[in-house]
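Structural description and commentary
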Amino acid sequence: MSLFESVLSRRPAALLGLDISSSGAKLVELSQDKSGKLVLERCAMVSFERGWIVDGNIEKFEEVVAAVQKAVKKSGTKTKNVALALPPSAVITKKIVLSGELSERELEMQVEIEANQYIPFPLEEVSLDFCVVGPSAAPGDIEVLIAASRREKVQDISGLAEAVGLKPLVLDVESYASRLAANRLISNRPGNGVDAVVALFEVGAMNTSMQVLCNDEVLYDRDQAFGGAQLTQMLVRHYGFSLEEAESKKLSGDLPEDYVSAVLQPFTESLVQEIGRALQFFFTSTTHNKVDLVLLGGGSAALPGLKDAVSRQTGFPCAVANPFEGMTIGSDVRQETLTSEAPSYLTSCGLAMRRFLQ
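Residues numbered from 1 in each chain as written. Predicted model: local features only at pLDDT ≥ 70, side-chain atom pairs only at ≥ 80, totals over all residues. Heavy atoms only, no water.

Quick look at the sheet that holds strand 13 (residues 217-224) now. With respect to topology, five strands assemble into an open sheet ordered 13-12-11-14-15, the strand pairing being mixed. Either end of the sheet is taken by a strand with one partner, and the two such strands are strand 13 and strand 15 (318-320). Pairwise comparison of adjacent strand axes, ignoring direction, gives a mean angle of 20° for this sheet. (Pairing = 2+ DSSP bridges. Helix = DSSP H or I, 4+ residues; strand = E, 2+ residues; numbered from the N terminus. Axes fitted to C-alpha atoms, helices over the stretch in contact; angles between N-to-C directions.)

As structure tokens, then:
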């Protein structure tokens, strides 16, 4: 199974983007109209119970399969081809420079030789792939991106898709997929986003990931152990809810009157501090001392007041990442919850966009 098969093969006629994380599954299906504009045909999400997926490992296979089947049914899609992603921690990537005069077979052989230097496992235990990024600074040479993951990790997620009744065609890296969706939003900024330095924060259940992007390149990345699960824990401590009750009430909005002042505001302040701290690490680790935009994705990104609080704390403009911005919204999409849920679809949208890569 190739990690970058979408780059190396003909694009499929239709493709689902399926993001599976510890908190749930998010599914997106895109098409293009005659003018080339993207159309959001379908999207759906379902939540997982705590413990179903732990540290990227599927602990409750049958339960996860049933939940993903529910998301597929909820979306109404008939498409079977699917693009999936592994967390960055499960994938080793390395850029190397090779001669641009190598044949395809010679290129494959050279990649295997180079991969032996960077992958701490026997090659027979990994799924390995590569793609040509483009010309390097040296005339006649090319930059090649190598990607490798333990074969068992690839088999786990592809086996999950097959158990759901889907056909896994593309296996990507979560951060690459979210970056693809974010770069589309950046390109819609003034001046097509050229030279804009954008700090993308994705607030997940357990972790918040940061990628600083400029001209489609990653200037800096960092993960922090802080996420939406902390809000759930605060609900448990403050009100005495069980974890299941807290998760349910958080999703339904059925919360006590003092929830905003007693729980949400302190959580927001802590999250803002984490974002500010991450930006300071970026500034002290690089020659940069500012960003042009802070972009928020993930399940907690649309929390009331978060965007403005980040802007006040950091002094930089802040926006919530809506990966469907500028798209035509199809008739099968329920628009009433789309705005609040949109930031959660960043990775799955990027996966669905793989359909249109040449």
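From this point, the discussion proceeds with the structure in view.
Turning to the confidence of the model for the protein chain, a few remarks are in order. Chain-level pLDDT for the protein chain is 91 on average; 96% of the residues reach the 70-or-more range. Between residues 1-12, whose pLDDT stays under 50, and residues either more than four places distant or in other chains, the model counts 42 contacts. (pLDDT = per-residue confidence, 0-100. Contact = heavy atoms within 4.5 Å.)

Bringing the sheet that holds strand 8 (residues 126-135) into the picture now. One key point about sheets: their strands pair by backbone hydrogen bonds, in either a parallel or an antiparallel sense. Strand order in this open sheet of three strands is 7-9-8, and the pairing throughout is antiparallel. Each end of this open sheet is capped by a strand with a single partner; those strands are strand 7 (91-99) and strand 8. For this sheet, the mean angle separating the axes of adjacent strands, direction not counted, is 25°. Note: strand 7 against strand 9 (residues 141-150), nine bridges, orientation antiparallel. Each residue of the ladder has a partner; that of Ile96, found in strand 9, is Val144. Strand contacts of helix 3 (residues 104-118): strand 7, strand 8 and strand 9, with the helix running at about 130° to strand 7, the strand carrying the most contacts.

The next thing to look at is unusual backbone geometry. In this model, Asn192 sits at a positive phi of 60°, which is unusual for a non-glycine residue. Locating Asn192 in the fold gives a position in the loop between helix 5 (174-187) and strand 11 (198-203). If you check the backbone angles, Asp195 has positive phi at about 65° while not being a glycine. Its location among the elements puts Asp195 in the loop between helix 5 and strand 11. Under the relative-accessibility criterion, Asp195 is labelled exposed at 52%. (Buried < 20%, exposed > 50% of the residue type's maximum accessible area, 1.4 Å probe, protein only.)

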